[in-house]
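# Observations on the model geometry
The chain contents come next:
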Amino acid sequence: MLLDHAMHQKSGKPERAERGQGEALPGIGRDEAGLAQREPEGLGRTDLLTQVVARANMVRAWKRVKANRGSAGVDGLTIEATIEYLKTEWPRIREELQTGTYRPQPLRRVQIPKSGGDKRELGIPTVIDRLIQQALLLDEVDRELERRGHRFVRYADDNNVYVRSRKAGERLLQGMRKLYARLHLKANESKTAVTGAYGRKFLGFHFWARPGSEIKRAVAYKAIATFKKRIRQITRRTKGRSLTEVVEELRRYMLGWKAYFELAQTPGIFQQLDEWLRHRLRVLQLKHWRRGTTMYRELRKIGASEAQAARVAGNARRWWHNSRLELNRLMPIAYFDHIGVPRLS
């Protein structure tokens, strides 16, 4: 079936297309969002842009931009300032979009540090350009993939499609390129590939296979490495903070990380990370106590016998070694639960 004959799904309630060409965008400052309008025509450029600039679609796009927050672009307009700007300038922008004369502004270049010590350059679009990017309807791609019976996962413009053979993948990729072209889009060839699903990360996840060919989701290796690097930064002794302060920062970071990766099916990995974190915290506590006499006194306070406290204090400078022996029993999981250290497992 030609893509020109692919049908749009209709929403549950009858709708009328937005006909005004020059009206301001009503409700853009509100957080309410509606569904984009659907019409039974094909994927012609005019029809596509009409759906893009429809009020309900733009309000939904604005809600996403506002939720993502982010800084201003080269025009210096924040999200709040953009609201005021659109009240007078939206009719002009809408007309430029529909006539094909709209041109996005240059990106604001910033540099952020990478894990290896280098810096990565990022381009930040203006808030208006981010709004327009959010408004553009890739669900047409979803519909075509569903029509063909493919299994896929998409987040914004990041898309993975799963097929049974390389030949099928190459054939599908050619079809996707044609579909993108009809939507006036172009695939990022540097990130586009036909390859095996294992080892390929997507949004911080990858797949692994259990015995019996059961497929599971896992946190990607790079995401775990980033997690451990961040934990090392938080638990450095050189920051001069108490264990209570360290735990508070750990909570802010770990609870968000755990919520994001809760779909991972790797309880063993999470348990290992928990054990590794507790080990680091025991080392940190010993370094805070520093001297053998202080260690002896503080360990006695938390219930250590004279012999246990003396053994740990006698190896005062062997931080990592110490934290794996007596201290495991003196500062067990319940101890860290009590002071508020979150668990991943």
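Attention here is on the structure that accompanies the text. Just so it is clear, the model here is predicted, and its values are computed rather than measured.

Thresholds applied
Residues numbered from 1 in each chain as written. Predicted model: local features only at pLDDT ≥ 70, side-chain atom pairs only at ≥ 80, totals over all residues. Heavy atoms only, no water. Patch = residues over 30% accessible without salt bridge, like charges linked within 9 Å, V, L, I, M, F, W, Y side chains within 5 Å. Areas by Shrake-Rupley, 256 points an atom, 1.4 Å probe, with all protein chains shown as cover. Salt bridge = Lys/Arg side-chain N within 4 Å of Asp/Glu carboxyl O. Lys, Arg positive; Asp, Glu negative; His and termini not counted. Charge placed at Lys NZ, Arg CZ, Asp CG, Glu CD. Helix = DSSP H or I, 4+ residues; strand = E, 2+ residues; numbered from the N terminus. Buried < 20%, exposed > 50% of the residue type's maximum accessible area, 1.4 Å probe, protein only. 1 Å grid on protein atoms, 1.4 Å probe; cavity = no way out; pocket = protein on both sides within 12 Å on 5 of 7 lines; lining within 4 Å. Points joined across faces, edges and corners; volume = space filled by probe spheres on them. Nonpolar A, V, L, I, M, F, W, Y, C, P; charged D, E, K, R; others polar. Polar contact = N/O pair within 3.5 Å; in protein donor to acceptor, adjacent residues only side chain to side chain. Contact = heavy atoms within 4.5 Å. Phe/Tyr/Trp six-rings, centres within 6.5 Å; stacked < 30°, edge-to-face > 60°. Lys NZ or Arg CZ within 6 Å of the ring centre and 35° of its normal.

### Description of a positive patch on the surface
A cluster of basic residues, R120, K191, R200, K201 and K222, forms a positive patch at the surface. Within the secondary structure, K191 is located in the loop between α6 (166–182) and β5 (205–210). Using a relative accessible area of 65% as the deciding quantity, one classes K191 as exposed.

### Quick notes on empty space enclosed by the protein
What the largest cavity holds in volume is close to 50 Å³. Along the walls of the largest cavity sit D274, L277, R278, F336, D337, V341, P342 and R343, which together make up its complete lining. Listed by contribution, the elements that provide at least two residues to the lining of the largest cavity are α9 (267–289) and α14 (333–338). Taken together, the residues that form the lining of the largest cavity break down as four nonpolar, no polar and four charged.

### A word on the side chain of Q308
Relative to the assigned elements, Q308 resides in helix α11 (residues 306–314). At 3.1 Å, the side chain of Q308 and the backbone nitrogen of S305 are in polar contact. If sequence neighbours within four positions are ignored, Q308 has contacts with E326 and L330.

### What to know about the layout of surface pockets
Considered as a void within the structure, the second largest pocket measures approximately 310 Å³ in volume. Around the second largest pocket, the lining is made up of 14 residues, and of these V153, F202, L203, F205 and R217 lie nearest the centre. In terms of residue count, the dominant contributor to the lining of the second largest pocket is β5 (three residues). Across the lining of the second largest pocket, the residue classes break down as ten nonpolar, two polar and two charged.

### Considerations on the environment of K66
Assignment of secondary structure puts K66 in helix α2 (residues 55–68). The class of K66 is partly exposed, set by a relative accessible area of 31%. The spacing of K66 and E80 is 14 residues in sequence and 9.1 Å in space, taken between C-alpha atoms.

### Structural notes on the pattern of salt bridges
Here the structure, examined in full by the defined rule, presents 15 salt bridges. The partner of E89 in a salt bridge is R92, with the nearest N and O atoms 2.8 Å apart. Note that E89 and R92 are positioned in helix α3 (residues 79–99) at a spacing of three residues, about one turn of the helix. Residue E89 is classed as partly exposed on the basis of its relative accessible area, which comes to 24%. With relative accessibility at 35%, the residue R92 sits in the partly exposed group. Between K216 and E214 there is a salt bridge, and its shortest N-O distance comes to 3.1 Å. Residue classification places K216 among the buried residues on the basis of a relative accessible area of 14%. Within the structure, one salt-bridge network assembled from shared partners comprises E89, R92 and E96.

### A few points about the packing of aromatic side chains
Enumeration according to the criterion identifies nine aromatic pairs in this entry. Here F227 and W257 contribute two aromatic rings whose centre-to-centre distance is 4.4 Å and whose plane-to-plane angle is 40°, an arrangement assigned as tilted. One end of the pair, F227, is in helix α7 (residues 221–234); the other, W257, is in helix α8 (residues 243–260), and 30 residues separate them in sequence. For F227, a relative accessible area of 1% translates into the label buried. Each residue in the set F205, F227, Y253, W257, Y260, F261 and F270 is aromatic and connected to the rest through ring pairs, giving one cluster. Taking the ring centre of W276 as reference, the NZ or CZ of K228 above it sits at 4.8 Å.

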